[in-house]
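# Coordinate analysis (summary)
Below are the chains, spelled out letter by letter.
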Amino acid sequence: MAEKRASLIIDLKDNASAGINKILGVLNGFKAGILAIVAAGASFLAFLNSSVQAYAEQEDAVNKLNTALKNQGIEAKSVSIEIQKYASELQNTTTFTDENIIQSQALLVSFGLVGDQLNKTTKAALDLSAGLGIDLRTATLLLGKASVGETATLGRYGFQIKENTPAAEKFAAALEQVNSKFGGSAQAQASTYSGKIQQMKNAFNDLQEEIGSRAAPVLSNWAEKLTGVIRGVSAWSTALKDN
């Protein structure tokens, strides 16, 4: 009889233990599911944040371009759109992002370059940057200065413009030398393995810009409302101190 009771107790313990293990297994699975959801949510928020940031950088570049055009007396939206289209075309054949190219274009416009001259100089700046291994802004400044007759800085990089060259012809001579030495460098850079990887990143960045452009208005509205709340709380806190 005692043996039967002992056996029954053992069976009950085993069954209870099995039941508890099943419950723990379900809880662990539930926990893993929650953690997976949290991780997915965090990844989505990080992607959304980087997308909005990408859009903000693009928007900032376009605003700089529009401001430069306005300062030159050009306010037609179509002109800005055409310049941006050319930036996209250059991005597709080089490793430079369109927002960096647009910033370069804005800088060149501030020197008074527009139309076909702007396009030629922008392309030359990309080649100069790729050929010399310098950043695009520096290359753009070198050519921007050259466009107003200051070619001495280019001389530090091995470009020699004859002293007796008329001021009106110095820029053309500078562009000719840049194209002669480094023409096609930016496009050649894009044909390498690292160049193709960079182009893939640029394409992904464009996708993020598109997503960011849709999310930004909503987030901007939230930020505006939150700013109002913060200011209200700050004013209330100040009023309490004064009293």
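Provided above is the structure to which this section pertains.
Presented here is an overview of the structure given in this document. (Residues numbered from 1 in each chain as written. Predicted model: local features only at pLDDT ≥ 70, side-chain atom pairs only at ≥ 80, totals over all residues. Heavy atoms only, no water.)

## Considerations on the packing of aromatic side chains
Applying the stated criterion across every chain yields a total of 1 aromatic pair. Seen from their ring centres, F159 and F182 are 6.2 Å apart, and the 65° between their planes marks the pair as edge-to-face. Placement of the pair is F159 in the loop between α6 (152-155) and α7 (167-182) and F182 in helix α7, with a sequence separation of 23 residues. Here F159 and F182 have matching classes, each one buried. The positively charged end of K181 is found above the aromatic ring belonging to F159, 4.6 Å away from the centroid. (Phe/Tyr/Trp six-rings, centres within 6.5 Å; stacked < 30°, edge-to-face > 60°. Helix = DSSP H or I, 4+ residues; strand = E, 2+ residues; numbered from the N terminus. Buried < 20%, exposed > 50% of the residue type's maximum accessible area, 1.4 Å probe, protein only. Lys NZ or Arg CZ within 6 Å of the ring centre and 35° of its normal.)

## What to know about the pattern of salt bridges
Within the structure shown, the criterion is met by 4 salt bridges. In this structure, the salt-bridge partner of E82 is K85, at a minimum N-O distance of 3.8 Å. Separated by 3 residues within a single helix, E82 and K85 lie in helix α2 (residues 77-93), roughly one turn from each other. Between K120 and D116 there is a salt bridge, with the nearest N and O atoms lying 3.3 Å from each other. One end of the pair is K120 and the other is D116, both in helix α4 (residues 115-132) and 4 residues apart, which spans about a single turn. (Salt bridge = Lys/Arg side-chain N within 4 Å of Asp/Glu carboxyl O.)

## Some points on the environment of G112
Mapping G112 onto the fold places it in the loop between α3 (98-110) and α4. Note on G112: relative accessible area 39%, which makes it partly exposed. G112 sits 35 residues away from S147 along the chain, and the two C-alpha atoms are 8.5 Å apart.

## Quick notes on α3
A rise of 1.5 Å per residue sets the reference length of α3, with its 13 residues, at 18 Å; its end C-alpha atoms lie 18 Å apart and thus fit the reference within 8%. Of all 13 residues in α3, 10 are buried, a share of seventy percent or more. Among the residues making up α3, those that are buried are D98, E99, I101, I102, S104, Q105, A106, L107, L108 and V109. (Expected span 1.5 Å × (residues − 1).)

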